[in-house]
Amino acid sequence: MKTLFALGVWCLLFVLCWPLAILALVAWPFVWLLSLPFRLVGITFSALFAFLRALLMLPARLLGGGRALPA
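Residues numbered from 1 in each chain as written. Predicted model: local features only at pLDDT ≥ 70, side-chain atom pairs only at ≥ 80, totals over all residues. Heavy atoms only, no water.

Caption draft 1: Structural context of the overall build of the protein. The number of helices and strands found in the protein is 2 helices and 0 strands. Relative to the globule expectation of 11 Å for 71 residues, the C-alpha radius of gyration of the protein, 23 Å, shows a markedly less compact shape. Taken along its principal axes, the extent of the C-alpha atoms in the protein is 65 × 30 × 10 Å. Out of the 71 residues in the protein, the part that is buried amounts to 1%. (Helix = DSSP H or I, 4+ residues; strand = E, 2+ residues; numbered from the N terminus. Rg over C-alpha atoms; globule rule 2.2 N^0.38 Å. Buried < 20%, exposed > 50% of the residue type's maximum accessible area, 1.4 Å probe, protein only.)

Pasting the structure below:
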């Protein structure tokens, strides 16, 4: 659905201002390449924070915290 919406917006831009639409079509791979390092840093930090959370919660998990005992 996201791709269909982007295609529709691009077609509308092509009808209204075709040079800008062609420029956007040519520039999109370069924008994607420039954003790639930021995505990798984001994935790395997300994994690091998940690891730290798991490490800090390990004693509570070992002691059974968070689990309700059946009555």
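Having seen the model, we can carry on.
Caption draft 2: Representation of the packing of aromatic side chains. A full pass over the atoms with the stated rule returns 2 aromatic pairs. Taking 5.3 Å as the distance between ring centres and 25° as the angle between the ring planes, the aromatic pair formed by tryptophan 10 and phenylalanine 14 counts as stacked. With tryptophan 10 and phenylalanine 14 both in helix α1 (residues 2–16) and 4 residues apart, the pair spans about one turn of that helix. Under the relative-accessibility criterion, phenylalanine 14 is labelled partly exposed at 37%. (Phe/Tyr/Trp six-rings, centres within 6.5 Å; stacked < 30°, edge-to-face > 60°.)

Caption draft 3: Quick look at the state of the cysteines. In this structure the tally under the stated criterion is 0 disulfides. Here cysteine 11 stays free of any disulfide, with the sulfur of cysteine 17 as its closest cysteine sulfur at 14 Å. The class of cysteine 11 is partly exposed, set by a relative accessible area of 37%. (Disulfide = S-S within 2.5 Å.)

Caption draft 4: Looking closely at a nonpolar patch on the surface. The grouping of Phe14, Trp18, Ile22, Leu25, Val26, Trp28, Phe30, Val31, Trp32 and Leu33 at the surface amounts to a nonpolar patch, some 1,100 Å² of accessible area in total. The element contributing the most residues to the nonpolar patch is helix α2 (residues 18–62), with 9 residues. Checked against the element boundaries, phenylalanine 30 lands in helix α2. By relative accessible area, which is 53% here, phenylalanine 30 ends up exposed. (Patch = residues over 30% accessible without salt bridge, like charges linked within 9 Å, V, L, I, M, F, W, Y side chains within 5 Å. Areas by Shrake-Rupley, 256 points an atom, 1.4 Å probe, with all protein chains shown as cover. Salt bridge = Lys/Arg side-chain N within 4 Å of Asp/Glu carboxyl O.)

Caption draft 5: Quick look at the packing of α1 against α2. At a minimum axis separation of 5 Å, α1 and α2 run at an interaxial angle of 140°. Taken together, the axis directions place α1 and α2 in an arrangement best described as oblique. In this structure, α1 uses Trp10, Leu13, Phe14 and Leu16 to contact α2, whose residues at the interface are Trp18, Leu20, Ala21, Ile22 and Leu25. (Axes fitted to C-alpha atoms, helices over the stretch in contact; angles between N-to-C directions. Parallel < 35°, antiparallel > 145°, perpendicular 65-115°, else oblique. Contact = heavy atoms within 4.5 Å.)

Caption draft 6: Region of the structure containing α2. Relative to the 66 Å expected for 45 residues at 1.5 Å per residue, α2 spans 62 Å between its end C-alpha atoms, a close match to the ideal helical length. Alanine 27 marks where α2 bends most, by close to 40°; the proline proline 29 follows one to four residues later. (Expected span 1.5 Å × (residues − 1). Bend = angle between axes of the 7 residues up to and from the residue.)

Remember that the coordinates give geometry; whether it matters functionally is a separate question.
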